[in-house]
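As a plain string of letters, each chain reads:
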Amino acid sequence: MRRTSLMVLTMAALISTSAFAQQHVRSLAFASDFQTVPVVANVAGIGGAFQSYVAIFNPTSSAFSVTATLYDANGTKRTALIPLAAGELKTYTNFLDAVFNGFIGGGAVTFSSPDTSGGTRNNRFIVNTEVRTAGTRYSTPIPVLEFAGSGSRSFAPGITVDSNTRTNIGCFDQSGAANSVKATILDNTGKQTIGTVTLNLAANGWGQTAVNSIVSNGNVQFDPTDSAVCYAVVVDNATNDGRFISAAEYKP
């Protein structure tokens, strides 16, 4: 009886533990009706042209259209409509060129598909994107954001600037007003300031600039005056292979 009871208790514990673990496993990405890509590009750069690849997928059983809205460095707004059939996937090797009539430059893009019919349709979609180097096809995956930024301090850890590696930092203003973002470059202890960069963003504007301070495995501290999403990109100078770092907000 003791062995049977022990086995039952052990199995019960395993089942409970498994159920507990399953309850706490969550996906990091969700299909939704509004998503933000903090940086897109169609520009000439070091080692070749940088172009945004975008895949957009409608997992629902209904057809609907997604509105893509591009915001450039001046905060100028451009819109385009992407119709999606039920279950349809569309891909773009050079998204800005194909969807925004040959647009050249950089910016941020929002995607939205609200249900305006007054019904109960759930127009959710999935976006995957990366910035590629034309020709070599080295790429940098860009996380899609399903939430708005805030005016809180944020951090992008793990940047390096030396003879082999460069780092760019950027932000997208989501406040609707002019926004000044102070970026403080910290060493790997997080205590010593190596340099500062200021991004002055127009209302709804996007901006990106290079970090010129020499640093190894350092950190960027972003302090916006209003709502913004920020990031850093660490790039290998020889291959243009990049590592994207979304700035994580921290408010004590």
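Thresholds applied
- Within every chain, residues take consecutive numbers counted from 1 along the sequence as written.
- Confidence filtering applies because this is a predicted model: local features only for residues at pLDDT of at least 70, side-chain atom pairs given and counted only at 80 or more, and all residues used for totals across whole chains, interfaces and linings.
- Neither water nor hydrogens contribute to the side-chain values; these are computed over all heavy atoms in the structure.
- Helix and strand definitions here come from DSSP, where helices need a minimum of 4 consecutive H or I residues and strands a minimum of 2 consecutive E residues; each element is numbered from the N-terminal end.
- Burial classes follow relative accessibility: with a 1.4 Å probe on protein chains only, a residue under 20% of its type's maximum area counts as buried, one over 50% as exposed, and anything between as partly exposed.
- In the analysis that follows, any N or O atom pair within 3.5 Å is treated as a polar contact, provided that within protein one partner can donate a hydrogen and the other can accept it, and provided that, for residues neighboring in sequence, both atoms belong to side chains.
- Side-chain rings of Phe, Tyr and Trp (the six-membered ring for Trp) are treated as a pair once their centres are within 6.5 Å; stacked means planes under 30 degrees apart, edge-to-face means over 60, and tilted covers the remaining angles.
- In what follows, salt bridge is the name for a side-chain nitrogen of Lys or Arg lying within 4 Å of a carboxyl oxygen of Asp or Glu.
- The definition used for a disulfide is geometric: two cysteine sulfur atoms within 2.5 Å.
- Whether two strands pair comes down to DSSP finding at least two bridges between them.
- By definition, residues are in contact when any of their heavy atoms lie within 4.5 Å.

Student: Just checking my understanding: could you explain the environment of Thr93 for this structure?
Tutor: Summarising the element assignment, Thr93 is placed in the loop between β5 (89-92) and α2 (95-99). Remark: the alpha-carbon pair of Thr93 and Ala134, spanning 41 residues in sequence, is separated by 9.7 Å.

Student: Help me understand the side chain of Arg132, please; the structure alone is not making it clear to me.
Tutor: Position of Arg132 relative to the elements: it lies in strand β7 (residues 126-133). Residue classification places Arg132 among the buried residues on the basis of a relative accessible area of 19%. Polar contacts involving the side chain of Arg132 include one to the side chain of Glu130, which spans 2.8 Å.

Student: Hey, could you run me through the packing of aromatic side chains in this one?
Tutor: By the definition in use, this model includes 5 aromatic pairs. Note on Tyr231 and Phe244: the rings are 5.1 Å apart at their centroids and 20 degrees apart in plane angle, and the pair reads as stacked. With Tyr231 in strand β15 (residues 228-236) and Phe244 in strand β16 (residues 242-246), the pair connects residues that are 13 residues apart, well separated along the chain. Looking at Tyr231, the relative accessible area reads 1%, which means it is buried. On the basis of relative accessible area, Phe244 is assigned to the buried category, the value being 13%.

Student: Would you mind showing me how to read the pattern of salt bridges here?
Tutor: Pairing between side chains of opposite charge can happen when their charged atoms approach one another. A full pass over the atoms with the stated rule returns 3 salt bridges. Between Arg153 and Asp223 there is a salt bridge, and its shortest N-O distance comes to 2.7 Å. A residue pair is termed long-range when its members are at least 10 positions apart, and Arg153 in the loop between β8 (139-142) and β9 (154-161) and Asp223 in strand β14 (residues 215-224) qualify at 70 residues. Among the residues examined, Arg153 registers a relative accessible area of 38% and is labelled partly exposed. According to the relative accessible area criterion, Asp223 is partly exposed, its value standing at 21%.

Student: Please explain the state of the cysteines as it appears in this structure.
Tutor: In a disulfide, the sulfur atoms of two cysteines are held together by a covalent bond. Across all of its chains, the model carries 1 disulfide by this definition. At a sulfur-sulfur separation of 2.2 Å, the disulfide partner of Cys171 is Cys230. Around the S-S axis, the bridge from Cys171 to Cys230 shows a dihedral of about 110 degrees and counts as right-handed. Separated by 59 residues along the polypeptide, Cys171 in strand β10 (residues 165-173) and Cys230 in strand β15 bring together distant segments of the chain.

Student: How should the sheet that holds strand β11 (residues 179-186) be read in this particular structure?
Tutor: Across a sheet, strands are paired by hydrogen bonds formed along the backbone, either parallel or antiparallel in direction. One open sheet holds the 5 strands; their spatial order is β12-β11-β14-β9-β17, and the pairing between them is antiparallel. Since the sheet does not close on itself, it has two edges, and those belong to β12 (193-201) and β17 (248-249), each with one partner.

Student: Can you walk me through the side chain of Thr69 in this structure?
Tutor: Along the polypeptide, Thr69 turns up in strand β3 (residues 64-71). Take Thr69: its relative accessible area is 6%, and that puts it in the buried class. Once you skip the residues sitting within four places of it in the chain, Thr69 turns out to touch Lys77, Arg78, Thr79, Phe100, Ala108, Val109 and Thr110.

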